[in-house]
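Geometric and topological summary
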There are 2 protein chains.
Amino acid sequence: MTVRRIETVIVADDHPLFRQGMRHIAERLYPQARVREADTMDEVLDLARAAPPQAVFLDLLFPGLDPQRSIRALREEFPKTSIIVVSMIEDEALIRTVMEEGADGFIAKSLPAAEIAVAITAVRDGEFVIRRNPRTDLVVSQPGLPPLTQRQRDVLRLVAQGRTNKEIARELDISPFTVRIHVSALLRALDVTSRAAAAAKAAHAGLGGLIGA
Amino acid sequence: MTVRRIETVIVADDHPLFRQGMRHIAERLYPQARVREADTMDEVLDLARAAPPQAVFLDLLFPGLDPQRSIRALREEFPKTSIIVVSMIEDEALIRTVMEEGADGFIAKSLPAAEIAVAITAVRDGEFVIRRNPRTDLVVSQPGLPPLTQRQRDVLRLVAQGRTNKEIARELDISPFTVRIHVSALLRALDVTSRAAAAAKAAHAGLGGLIGA
DNA sequence: TGCCTCATAGGACATATGCACTAGTAGACC
DNA sequence: GGTCTACTAGTGCATATGTCCTATGAGGCA
């Protein structure tokens, strides 16, 4: 995937200190970009509509905000924007939910700045990224998915939810033929030969799948 | 699924105290059953071959034992036995792995006896069961799968790994036609209409899918 | 300008999948 | 013995899926 030039970035967080930190990271990564800061979800939407951002860094605990709906709404209105959720909470179910709702990356606030920057770059390169604080007990290998185009990520999300090509076509408002193209490319990229296997890989990588209680 | 009478149970754990506790639970649940105790994996196999058990309670940290291979071997040799893994460790990746290798249930050792008994009954009723110690922070709803027959669980495991009907047929050593029967019944039971959706449901229920480090 | 990738849309074709039937065998239950 | 379910195996058929092909427009890059 050709990485499009970053022109506008929105940092949405109600903690001034953290917002400053994120701005700093964004400015280091993309010196030419304009970084906007937002205090509320409405402000995010206003800023985004005024100048569609290439990336949004969204605090999960945004004041009076329902993460699910907001992320889905953002994804629908700005399909090409990298939505990166940054959060204090590292609960798995929440992570899976926001990823399924359309986020491209989930980054724990507790990570060092350098790691956050790396994760952001990976997302811009087409990867789904989930970075939590390293746990001390058991080290688990994170399978990870290869870089995918935005459309491939959209499609994978839906395939991993068990949708058919027709349903995906309706959801993304494109032709079923086009969906097949994306699915084919996706299967090649994931090195599998069936959508069910793709769903399994997605589950292993952190999209979908959840152990509860 | 008709619950077959429990005649023989094997408790495999190298902690005598815990083994006693498990024996107690088993005897309360199935007064008529013979409960065997095993110290090593070889002993488990010897006992099982002498008298095929309806249920095996297996300590995950068995001396010098590779959980993956042992569980898969047990499952292959005794396809109808309920394999219930009981463990000190509650690491998710480990749980998913043992469930994928053929276990029917995973139960944390830290749970009270009553809950362990309930979980065992549910497994015997055809459910996949994963019970960890309740965490205090965020309560997550565990989707849970409806009761399935042993064959349906076998098939679901493989579907959730992205296998095709042919592959499943080879793996289970039955006809592809028969696999289709099981898949059809499975889809009905899960209330979905495609294997990919079934895989997604399985992922949500704790089979497959893993968020790492 | 030319070259590239990505997203879009469609045709053709082989295979896989899912469903609706029939049917035999084995075990559990009454 | 009669009845029930699970597991097995098959046929037939409609639809879904996946691959290979062509083709167009947008946008980035050299």
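Okay, so let's go over this structure. (Residues numbered from 1 in each chain as written. Chains lettered and ligands numbered in written order. Predicted model: local features only at pLDDT ≥ 70, side-chain atom pairs only at ≥ 80, totals over all residues. Heavy atoms only, no water.)

Take the protein's contact with DNA strand D next. Around DNA strand D there are 22 residues in total, and A:R180, A:S184, A:R195, B:S175 and B:H182 lie nearest to it. Looking at DNA strand D alone, sugar and phosphate atoms form 70% of those within 4 Å of the protein. In the environment of DNA strand D, a phosphate oxygen lies 2.7 Å from a nitrogen or oxygen atom belonging to the side chain of B:R151. Looking at the surface near DNA strand D, the elements that each hand over two or more residues are helix 7 (165-172) and helix 8 (176-190) of chain A together with helix 6 (150-159) and helix 8 (176-190) of chain B. In terms of residue class, the surface near DNA strand D is built from 6 nonpolar, 11 polar and 5 charged. (Near = heavy atom within 4 Å. Polar contact = N/O pair within 3.5 Å; in protein donor to acceptor, adjacent residues only side chain to side chain. Helix = DSSP H or I, 4+ residues; strand = E, 2+ residues; numbered from the N terminus. Nonpolar A, V, L, I, M, F, W, Y, C, P; charged D, E, K, R; others polar.)

Glancing now at the environment of A:D91. All names here are of chain A. Residue position: D91 is located in the loop between strand 4 (82-87) and helix 4 (92-101). For D91, a relative accessible area of 11% puts it in the buried group. C-alpha of D91 to C-alpha of R132: the two residues are 41 residues apart in sequence and 9.5 Å apart in space. (Buried < 20%, exposed > 50% of the residue type's maximum accessible area, 1.4 Å probe, protein only.)

On to the protein's contact with DNA strand C. Taken together, 23 residues lie near DNA strand C, and A:R151, A:S175, A:H182, B:R180 and B:R195 sit nearest. Considering the 4 Å shell around the protein, atoms of DNA strand C inside it are sugar or phosphate in 70% of instances. Between DNA strand C and A:T178 there is a distance of 2.9 Å, counted from a phosphate oxygen to a side-chain nitrogen or oxygen. A distance of 3.2 Å separates a base nitrogen of DNA strand C from a polar atom in the side chain of A:R180. Only helix 6 (150-159) and helix 8 of chain A together with helix 7 (165-172) and helix 8 of chain B provide two or more residues apiece to the surface near DNA strand C. The element contributing the most residues to the surface near DNA strand C is helix 8 of chain A, with 5 residues.

Residues and elements named next belong to chain B. Taking burial as the measure, the 6 residues of strand 4 (residues 82-87) include 6 buried ones, the bulk of the element. What you see with strand 4 is no split at all: S82, I84 and V86 on one side and I83, V85 and S87 on the other are buried throughout. Examined bridge by bridge, strand 4 and strand 5 (residues 105-108) share 4 bridges and lie parallel to one another. Looking at the pairing, V85 lines up with F106 of strand 5. (Pairing = 2+ DSSP bridges.)

Residues and elements named next belong to chain A. By the secondary structure assignment, Y30 is in the loop between helix 1 (16-29) and strand 2 (34-38). Distance from Y30 to D173, taken between C-alpha atoms, is 32 Å for residues 143 residues apart in sequence. The contact partners of Y30, leaving out residues within four places of it in the chain, are I6, I120 and R124. (Contact = heavy atoms within 4.5 Å.)

Purely geometric stuff here, so don't read any function into it on its own.
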